[in-house]
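Coordinates in review
Chain by chain, the residues run as shown.
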Amino acid sequence: MKLFKQIEILLLTALLFVSFNGSIYFLALRRCTSNFGAGTQPKMIEVEKYLPFDENSQIVKREASLKLTDDLPVLDGATALLPVYSAIVNAVYPESSCSFENESFSPESKMQYRNTVGAYRAIVDGGADIVFCAAPSKAQLEYAEEKGVSLKLIPIGYEAFVFLVNEKNPLNDLTQEQIRGLFSGKYTNWAQVGGASRPVNALSRKEGSGSQTRMEKFMNGERIRKNPLSIVGGAIGFSFRYYVEGIVGNGGVKMLAVDGVAPTRENIQSKSYPLTNNFYAVVREDSFEGNVKLLVEWILSEEGQQMISESGYVGL
């Protein structure tokens with residue numbers, strides 16, 4: 001009887017531990033993680049909200065002086081830039097060029113959505129003609145070189161790389177050195193940077209995603225290390241400003257000021273926010289001609305830049 005009682009207590013303890021960790025995950029951490037598997041992409045961003053040629057779409061709808069009718073470049077790109085290239089398709093392409101069914105774009109559609117990882121592979125393999133992304137990772141550049149492809153990165157706008165914490169976290173501002181310390185394991189408790197006494201849960205993203213590549217550059221050679229107590233800690237994650245503000249609508253998190261400067265559009269425009277970055281139209285050097293070149297030139301025109309700004313980003 002005593003043995004059964006001990007087993008019962010152990011099982012109850014294990015159940016309580018699992019329930020506690022599960023509640024922490026679902027209430028606090030899940031919103032800061034992401035899965036870039038093909039089946040989860042539409043659910044992550046609700047692609048249906050950003051489709052071209054849809055009266056209910058949330059994209060900017062403007063008439064363009066440029067109209068392409070044939071030899072249409074295939075466009076693809078990052079999750080965070082979907083509203084931009086969808087608005088471009090809506091303005092410049094014929095409606096028949098885009099087909100979205102069963103939560104995915106058809107193979108013949110001139111607009112695709114494979115996120116950063118898939119888009120960089122598609123531009124190299126010939127499945128896309130222009131991809132809209134942050135700068136590529138070292139592995140993505142090596143893949144292009146391995147395939148004998150030279151990529152041309154054309155800046156078309158500015159965006160802020162941002163750090164996110166729960167909206168109830170009392171901290172609103174950290175230095176770059178403090179942030180690196182939180183991710184490298186130098187600081188394992190929020191109290192070490194002026195916050196509440198709680199373990200740090202530093203989150204990371206999928207290898208090759210635009211934000212993960214930018215994070216690796218930000219870490220400047222330092223490794224991201226997980227705190228063993230992170231599951232019961234306060235999370236810190238990273239992304240790009242418009243993805244947080246415009247696409248997921250903040251979702252219970254807040255963006256930190258860095259070195260005393262908040263990631264507002266005004267501070268991005270003036271480049272006073274220290275982690276301001278370009279985003280790019282990426283093409284193959286050997287294919288930068290015809291309608292590919294014509295479309296990129298239009299994006300860089302006053303009309304194209306206005307569309308980028310109206311979409312919530314910062315034009316050049």
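Use the structure listed above.
1. A closer look at the environment of glycine 157
Inspection of the secondary structure puts glycine 157 in strand β5 (residues 151-166). Here glycine 157 falls in the buried class, since its relative accessible area comes to 0%. Spatially, the C-alpha atom of glycine 157 lies 9.7 Å from that of glutamine 269, the residues being 112 residues apart in sequence.

2. Topic: the pattern of salt bridges
Enumeration over the complete set of coordinates arrives at 7 salt bridges. A salt bridge links lysine 49 to glutamate 46; the nearest nitrogen and oxygen atoms lie 3.3 Å apart.

3. Here we look at the packing of helix α10 (residues 290-300) against helix α11 (residues 302-310)
Relative orientation of the contacting elements α10 and α11 amounts to 65°, with a least axis distance of 4 Å. Classified by the angle their axes make, α10 and α11 are roughly perpendicular. Here α10 contributes Trp298, Ile299 and Leu300 to the contact with α11, which in turn contributes Glu302, Glu303, Gly304, Gln305, Met307 and Ile308.

4. Notes on the packing of aromatic side chains
As enumerated under the stated definition, the model contains 9 aromatic pairs in all. Between phenylalanine 161 and phenylalanine 163, the ring centres sit 5.2 Å apart and the planes meet at 75°, which makes this aromatic pair edge-to-face. Note on phenylalanine 161: relative accessible area 0%, which makes it buried. The exposure class of phenylalanine 163 is buried, given its relative accessible area of 0%.

5. Quick look at the pairing of strand β11 (residues 276-284)
The buried fraction of β11 is high, at 8 of 9 residues. As defined by bridge partners, strand β4 (residues 130-133) adjoins β11 across 3 bridges and the pair is classed as antiparallel. Residue pairing in the sheet places phenylalanine 132 in a bridge with alanine 281 of β11. Strand direction decides the pairing type here: β5 and β11, joined by 9 bridges, are antiparallel. Within β11, the position partnered with proline 155 by the bridge is tyrosine 280.

The rules behind the values
Residues numbered from 1 in each chain as written. Predicted model: local features only at pLDDT ≥ 70, side-chain atom pairs only at ≥ 80, totals over all residues. Heavy atoms only, no water. Helix = DSSP H or I, 4+ residues; strand = E, 2+ residues; numbered from the N terminus. Buried < 20%, exposed > 50% of the residue type's maximum accessible area, 1.4 Å probe, protein only. Salt bridge = Lys/Arg side-chain N within 4 Å of Asp/Glu carboxyl O. Axes fitted to C-alpha atoms, helices over the stretch in contact; angles between N-to-C directions. Parallel < 35°, antiparallel > 145°, perpendicular 65-115°, else oblique. Contact = heavy atoms within 4.5 Å. Phe/Tyr/Trp six-rings, centres within 6.5 Å; stacked < 30°, edge-to-face > 60°. Pairing = 2+ DSSP bridges.

Just geometry here; none of it tells us what the structure is for.
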